[in-house]
Amino acid sequence: MHEPTNILAEPSSPSEWELVRHAAIGAEWAVGALYDAHADRLYSVIRRLAGEDALAEDWCQESWMRILANLHAFRGESSFATWAHRIAVNTALSSRRRLLRRAVIEHEASSIELRVPPDDAERALLRLRLDAAIDRLPAGMRQVLVLHDIEGYGHEEIAQLIGTTGSNVRSQLARARAKARTLLQEDER
Amino acid sequence: MIYPDNRTNPDKHIAAERLAALVDSPRTLQEERHLASCGRCNAALMRLEQLRQSLATIEPLRSPAHIRARVVAAAMHRQQEPHRRPWLGWAAAAALFVSGVLVGAVAARNAPSGNISSGDWLVTRMGDPVARVALLEAVALSARAALAQAPQDPGIRVIHERLAAERRAAAAALSNETGGVRWF
C-alpha cells in the first residue's frame, strides 16, 4: 500500500518553485526561507521609497502579507524576485497615495543622524550619505529617483506605476538628481 | 539651453536641472560647445554622473531582524483562520478525502469479493452504518465549506463532488438495508 507523503516536509535542496509551493500551503520553513532569500532587496526598495524607518516597516510587512497571500497566483513566468519586487513597489506606492489622501504633510528636511560604521569604509560612508540625501528628498522626487536610478525602472514604467506621463517622470527625475546633488554638497561642507 | 546664472552674474551656464537630465539624455550642439569650454558646468555634470553611478551600484539595505519575526508570525497566524485561507480548506478537504480513499482501499482489499461499490465497503467495514453515513455527511459538509471559500478552485470542486457521491451511495445502501428509510 502506498505510504502517504508528508506534503509539508522540507526537501533537502528545495528549488524556488518548491519553496513557493510549500509556502503557499503554509510550511513555516518555506515561508522563512523565501523571506530570507528576498528580504534585503525588498526592504531596500521599500525603505528608500518610504524615507523613514517606521513607515518602511509597516509597508514591508504589508508587502510580505500580500506576497504570501498571493503565492497561489505565482505562475513562474518571471522569477519570484521580480514578481515579489513588483508587489513591494506597488504596495509602497499605493501606501504613499493613502498617506497623501490623509493629508500627511511632506517635509523636505529632517534631522538625519549619520552613523559612521566602525570600519569607516569609504563605500559604506558614501551609501549612508546617499541614503540620508534620498530620505531628505520630497516624496515625489524620491520615488522617481529610487525607481529609476537605483531600481532600474524605465521612464514609461514609472509613469504607469505612479499615474503620470513619461515626460513628467523625466522632468521629476532631473529635479530629483539636482536636488540630491545639492543635499550631498551641503553635507560635504 | 544655456541660462543666465543670476541677474548679477553675466556668465551663462547650463541650468542645474538640465545638467541632471544630460546624465542620460542627448545634448544639443550648443550644449556640447558650452561643455567643451566651461569648466564649471563640466565639473557639475561630472558630479551628477558620479551620483548616477553611485545610485546604480548602491548596496541593498539590511532588513531588520524583527521584521522577519513579525512577517513569519503574521503568516502563521493567518493559517489559524481557515475562513480566510481557501487553500487551508482545500488541504483539509484533501486530507479527509485521501484518508477516506485509504480506508476504502484497505476495506476493498479485505472484502470477500473483488467488485464492491464505494458505499458497500464503507457500510460493511466501518461498524454502525448510520454513524458511517453521518460521518460521510460531516466530511461532505467540510468539503462544501471549502468550496464556498474557493468556488473557482478545481481541486476542491473535484473533492467535493466525490465526497457527495460517496455520501449518496452510502445513504442509498443504508436505505436498502433499512427497508427504504431515507437517509439524508
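Residues numbered from 1 in each chain as written. Chains lettered and ligands numbered in written order. Predicted model: local features only at pLDDT ≥ 70, side-chain atom pairs only at ≥ 80, totals over all residues. Heavy atoms only, no water.

Caption draft 1: View of the overall build of chain B. The number of helices and strands found in chain B is 8 helices and 2 strands. Of the regular secondary structure in chain B, the N- to C-terminal order runs β-β-α-α-α-α-α-α-α-α. A buried classification covers 35% of the 184 residues belonging to chain B. Intrachain contacts of chain B at a sequence separation of at least 6 include 48% that bridge at least 24 residues. For chain B, the accessible area works out to roughly 10900 Å², and carbon and sulfur atoms hold 57% of it. (Helix = DSSP H or I, 4+ residues; strand = E, 2+ residues; numbered from the N terminus. Buried < 20%, exposed > 50% of the residue type's maximum accessible area, 1.4 Å probe, protein only. Contact = heavy atoms within 4.5 Å. Areas by Shrake-Rupley, 256 points an atom, 1.4 Å probe, with all protein chains shown as cover.)

Caption draft 2: Spotlight on helix α7 (residues 155-162) of chain A. Residues and elements named next belong to chain A. Residues of α7 that are buried: His155, Ile158, Ala159 and Leu161. Along α7, the residues classed as buried sweep out an arc of 165 degrees about the axis, all on the same side. Turned more than 90 degrees from where α7 packs its buried face, Glu156 and Gln160 sit exposed. The inward-facing, buried residues of α7 contact α4 (80-101), α6 (139-150) and α8 (166-188). (Arc of directions from axis to C-beta.)

Caption draft 3: The state of the cysteines, seen in detail. Taken as a whole and judged by the stated rule, the model has 0 disulfides over all chains. Unpaired in terms of disulfides, Cys41(B) finds its nearest cysteine sulfur in Cys38(B), a separation of 3.7 Å. (Disulfide = S-S within 2.5 Å.)

Caption draft 4: Seen up close, the packing of α6(A) against α7(A). Residues and elements named next belong to chain A. Relative to each other, α6 and α7 sit at 140 degrees, their axes nearing to 10 Å. As far as their axial angle goes, α7 and α6 are oblique. As α6 packs across α7, the resulting crossing turns out to be right-handed. For the pair formed by α6 and α7, the contact residues are Gln143, Val144, Leu147 and His148 on the first element and His155, Ile158, Leu161 and Ile162 on the second. (Axes fitted to C-alpha atoms, helices over the stretch in contact; angles between N-to-C directions. Parallel < 35°, antiparallel > 145°, perpendicular 65-115°, else oblique. Left-handed = near helix turned anticlockwise from the far one by under 90°.)

Caption draft 5: Spatial organisation of the packing of helix α3 (residues 53-69) of chain A against α4(A). Residue and element names in this part refer to chain A. Where α3 contacts α4, the axes come no closer than 9 Å and their chain directions differ by 130 degrees. Here α3 is positioned oblique relative to α4, judged by the angle of their axes. Of the two elements, α3 crosses α4, and the hand of that crossing is right-handed. Of the residues in α4, those touching α3 at Leu55, Trp59, Glu62, Ser63, Arg66 and Ile67 are Phe80, Trp83, Ala84, Ile87, Ala88, Thr91, Ala92, Ser94, Ser95, Arg96, Arg98 and Leu99. Residues of the contact of α3 with α4, tallied by class, amount to 10 nonpolar, 4 polar and 4 charged. (Nonpolar A, V, L, I, M, F, W, Y, C, P; charged D, E, K, R; others polar.)

Take it as geometry only, folks, not as evidence of what the structure does.
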